[in-house]
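# Inside the fold
Here is how the chains run, residue by residue.
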Amino acid sequence: MIDGEREISLACKHGIELESIFVDEAKLSELVSVCGETIIRLIQPVTSKVLERISYGQRQSSPVAIGRTPQTSLADLRISQHPLLLVLDHTEKPGNLGACLRTASACGIDAVILTHPICELHNPNTIRASRGTVFSLPVAVATAQELQDFCRAHDVQLFTARVDATASLWNQDLKSGGAFVFGSEAHGLGTEWNGPGLQSFSIPMRGVTDSLNLSISAAVTLYEALRQRIEASN
């Protein structure tokens, strides 16, 4: 379920197959102007009271679409020679996942990989928190071992975020990109993310804070990688 004009327009733009779109009769022309006339055959005009009942998150007059969930595997990904990949392991909260996807889009990363996800990628709250960018990103689901094998096959360095890591994020060489792995807020990364070839790092913190929100940690890390790459190209 996709609610909101922006989210629906991004779904259309990036090839998500929609089955139907429920829209307030009084705002039908607005939606067509945003998404294009190709969606007219999918539209089912309803009253504002009906939309209020079926919408997610109390967007009373926003259109609501029903779409087919896309399936993407690691084999479907097309990454650059020195990619930036965001890996989220055992992600629990749809809002956190959506916020991570929004940052990933802003940083122009190659792909997001979910390993053993707990929450659904296309949970309505994930779509909302991502501002629809979930539809613009290549997102694959894999096991931890599959992802590690994929990175080794493509010569992509794996960086694992750990609160107790001795190496600082600021001291990592990220100019050639890499896959940045973040665990759940409740448990962090498990032992399957230990071993040769995996470089752990921590984000320096002051004060009494002992950890950061998942989406904040991902944002800090991705923007540091982006900063290094921009400086290296100048």
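Please read these numbers as outputs of a predicted model, since none were measured by experiment.

Next up on the list: the overall build of the chain. Broken down by element type, the chain carries 7 helices and 10 strands. Taking the principal axes of the C-alpha coordinates as reference, the chain spans close to 60 × 40 × 35 Å. Out of the 234 residues in the chain, the part that is buried amounts to 47%. For the chain, the exposed area adds up to about 11900 Å²; of that, 48% sits on carbon and sulfur atoms. Here the chain contributes 19 positive and 25 negative side-chain charges, whose respective centroids are spaced 4 Å apart.

This next bit is on the packing of aromatic side chains. Scanning the entire structure with this criterion turns up 2 aromatic pairs. Consider the rings of F159 and F180, whose centres lie 5.3 Å apart with planes at 15 degrees: the pair is stacked. Highlighted residues: F159 in strand β8 (residues 158-161) and F180 in strand β9 (residues 178-182), separated in sequence by 21 residues. Of the residues examined, F159 reaches a relative accessible area of 5% and is grouped as buried. For the ring pair F182 and F201, a centre distance of 6.4 Å and an interplane angle of 85 degrees mean the geometry is edge-to-face. Of this pair, F182 sits in strand β9 while F201 sits in strand β10 (residues 198-201); the two residues are 19 residues apart in sequence, bridging distant segments of the chain. Residues F182 and F201 agree in their burial class; the two are buried.

Moving on: the confidence of the model for the chain. On average, residues of the chain carry a pLDDT of 90, and 98% of them reach 70 or more. Taking the mean pLDDT of every element in the chain, the minimum, 72, falls on helix α2 (residues 28-35) and the maximum, 98, on strand β5 (residues 84-89).

Attention shifts here to the pattern of salt bridges. Under the criterion given, the structure shown has 9 salt bridges. A salt bridge links R68 to E19; the nearest nitrogen and oxygen atoms lie 3.3 Å apart. With a gap of 49 residues between them, R68 in the loop between β4 (64-67) and β5 and E19 in strand β2 (residues 18-24) connect regions that are remote in the sequence. Residue E19 is classed as partly exposed on the basis of its relative accessible area of 42%. For E185, the salt bridge goes to K93, with nearest N and O atoms at 3.8 Å. Here E185 is found in the loop between β9 and β10, whereas its partner K93 is found in the loop between β5 and α4 (94-106), with 92 residues between them in sequence. The class for E185 is partly exposed, based on a relative accessible area of 38%. Through salt bridges with shared partners, a single ionic network connects E17, E19 and R68.

What counts, and at which threshold
Residues numbered from 1 in each chain as written. Predicted model: local features only at pLDDT ≥ 70, side-chain atom pairs only at ≥ 80, totals over all residues. Heavy atoms only, no water. Helix = DSSP H or I, 4+ residues; strand = E, 2+ residues; numbered from the N terminus. Buried < 20%, exposed > 50% of the residue type's maximum accessible area, 1.4 Å probe, protein only. Areas by Shrake-Rupley, 256 points an atom, 1.4 Å probe, with all protein chains shown as cover. Lys, Arg positive; Asp, Glu negative; His and termini not counted. Charge placed at Lys NZ, Arg CZ, Asp CG, Glu CD. Phe/Tyr/Trp six-rings, centres within 6.5 Å; stacked < 30°, edge-to-face > 60°. pLDDT = per-residue confidence, 0-100. Salt bridge = Lys/Arg side-chain N within 4 Å of Asp/Glu carboxyl O.

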